[in-house]
Amino acid sequence: MNYEELLKDMENYKDTMTDEERLTAYFKGEEVDRIPFNLMELENSAPLYGYTVGEFRRDINVQCEVMGKLGEEFGYKTIPANLGLKAIGEAAGSILEYPEEGIDFIKEYILDNYEKLDSMKIVDPYKDGSLPATLKRVKCMKERFPQNEVSIEIAGPLTTASAVRKPELILRDIIKNKERLHQLLNYSVKSTLAWVDAVCKEFGPSEVTICDPVASMSLINIKQFDEFSKPYLKNLIDGIVEISGIPPVVHICGKSKAIWKPIVDLGVSTWSIDNCEDIEEAKDLIGDYVTIAGNIPPVEIMKYGNIDDVVESVKECIKNGSDSPKGYILWSGCEIPMGTPKENLYAYIYAAKKYGRGAQIGKICKGVLEEVDNVSTI
């Protein structure tokens, strides 16, 4: 299928519900027009409309223009109060670099020695690092797009700690400096909750997504997870629920099967699966307990695949995940990267609408079933 053919056929699969209507009905167990899905992060979308990431970061008018165009073109309706993986580290004193056309990175870590930790104050969202500017940006966007809901994306405890102190030192501390690492993780949770509290006070209760790649089983083992990640994730999740009243979404990159059930037991609403894991296996193991999201390969398929690759990957995910007992959200396995072609985003939406038709919790989408029936009659 080429791009023109895709856009033409897409006219046959128009939404008949708003996002809010769809989610509300879906989680009531009702049949909806198509499977719920998430798309691309706002900042990564800037190049689609001719702006560098640097231009996007510096200019609130550019940010609002990109948000407006994403809303018109792709139905994007979320105002992100996102910290990424490094903002708490920056607020604590780490120094970040912001390339004009790439993602930020840490140039200098504040906690080169643990003696500094004793004098470090919990970060203040109204004073420290880029946090005040982010609050101002969210306020401006909310004034421009009052109908859009604010959402929050934060780093998990181990990942936040790794923006304060070098990741390789964190991994060494797991073995050689446990007591101090526990102290840093406690600091990380309290600082992160200060941000969640500020956003919810300013803009009302908001859904939170926790991303914690350093807690991946690709980096640590289950024993280390139980000691250094699980208790602090629990404190973070409990704090989020106390502040917002909404259980959070959790995403951990890389291998994670060994911790699926332990994290579900912490009280999350949705567990987002990396594309290196099997969505059908996740459905079988934890689908009775939590909504599952995932897991289109973001790089191999979304950025570097062609239209047919994207359509086929979306269809397979819907086929394998849409009958999960507690619900399924179509999503990429991790953040869709900058440079993803616009036609692949359209292919993702097209396939979600075509094969995700007639979505209902616990049942395979009718769009997939009809496709199977059509193939079997040929």
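Looking at an unreviewed UniProt entry, the protein carries the name Uroporphyrinogen decarboxylase, with the source organism given as Metaclostridioides mangenotii.

A. Highlighting the side chain of Gln63. Turning to its location among the elements, Gln63 is positioned in helix H4 (residues 60-74). What Gln63 contacts, discounting residues up to four positions off in sequence, is Phe56, Arg57, Arg58, Arg137 and Met141.

B. Focus on unusual backbone geometry. A cis geometry characterises the amide bond from Gly294 onward to Asn295, with omega recorded as -20°. Along the polypeptide, Asn295 turns up in strand S9 (residues 291-296).

C. Layout of helix H12 (residues 279-286). Among the residues of H12, those classed as buried are Ile279, Ala282, Lys283 and Ile286. Around the axis of H12, the buried residues are gathered within 105° of arc, so they sit on the same side. Summarising the contacts, the buried residues of H12 are in contact with helix H11 (260-264), strand S8 (270-272), S9, helix H14 (307-321) and strand S10 (328-332).

D. Representation of the nonpolar core in the model. Counting 108 residues, the largest nonpolar core has Ile154, Leu184, Leu330 and Tyr348 as its most contacted members. Top contributing element to this core by residue count: helix H9 (residues 178-203), with 10 residues. Here Tyr348 is in contact with Phe37, Asn38, Leu39, Ile296, Met302, Val310, Val314, Leu330, Trp331 and Ser332, once residues within four sequence places are set aside.

E. Region of interest: helix H6 (residues 131-144). Taking 1.5 Å per residue as the helical rise, H6 with its 14 residues ought to reach 20 Å, and the 20 Å between its terminal C-alpha atoms agrees with that figure. Along H6, the positions that sit buried rather than exposed are Leu131, Thr134, Leu135, Arg137, Val138 and Met141. Buried residues in H6, looked at end-on, bunch into an arc of 160°, giving them a common side. Facing away from the buried side of H6, by more than 90 degrees, are the exposed residues Ala133, Lys136 and Glu143.

F. Broad picture of the confidence of the model for the protein. In this model, the protein carries an average pLDDT of 94, and 98% of its residues clear a pLDDT of 70 or more. At the level of individual helices and strands, the protein shows its lowest average pLDDT in helix H16 (residues 366-377), which scores 74, and its highest in H9, which scores 98.

G. Structural detail: the pattern of salt bridges. Within the structure shown, the criterion is met by 27 salt bridges. Here Lys14 and Glu11 are joined by a salt bridge, their closest N and O atoms 3.2 Å apart. Of the charged contacts in the structure, one is a salt bridge between Asp15 and Lys353, with a shortest N-O distance of 3.8 Å. One end of the pair, Asp15, is in the loop between helix H1 (3-10) and helix H2 (19-26); the other, Lys353, is in helix H15 (residues 342-355), with 338 residues separating them in the sequence. According to the relative accessible area criterion, Asp15 is partly exposed, its value standing at 33%. Each of Asp15, Asp19, Arg22, Asp33, Arg34 and Lys353 takes part in a single network of salt bridges with overlapping partners.

H. Spatial organisation of the sheet that holds S8. Here we have 7 strands laid out as an open sheet, ordered S2-S5-S6-S7-S8-S9-S10, and parallel in their pairing. Strand pairing shows two members of the sheet lacking a second neighbour, strand S2 (78-80) and S10, which therefore form its edges. Adjacent strand axes in the sheet meet at a mean angle of 25° when their direction is disregarded. Each of S9 and S10 touches H14; the most contacted strand, S10, lies at about 150° to it.

Conventions and cut-offs
- Residues numbered from 1 in each chain as written.
- Predicted model: local features only at pLDDT ≥ 70, side-chain atom pairs only at ≥ 80, totals over all residues.
- Heavy atoms only, no water.
- Helix = DSSP H or I, 4+ residues; strand = E, 2+ residues; numbered from the N terminus.
- Contact = heavy atoms within 4.5 Å.
- Buried < 20%, exposed > 50% of the residue type's maximum accessible area, 1.4 Å probe, protein only.
- Arc of directions from axis to C-beta.
- Core = buried A, V, L, I, M, F, W, Y, C linked by side-chain atoms within 4.5 Å.
- Expected span 1.5 Å × (residues − 1).
- pLDDT = per-residue confidence, 0-100.
- Salt bridge = Lys/Arg side-chain N within 4 Å of Asp/Glu carboxyl O.
- Pairing = 2+ DSSP bridges.
- Axes fitted to C-alpha atoms, helices over the stretch in contact; angles between N-to-C directions.

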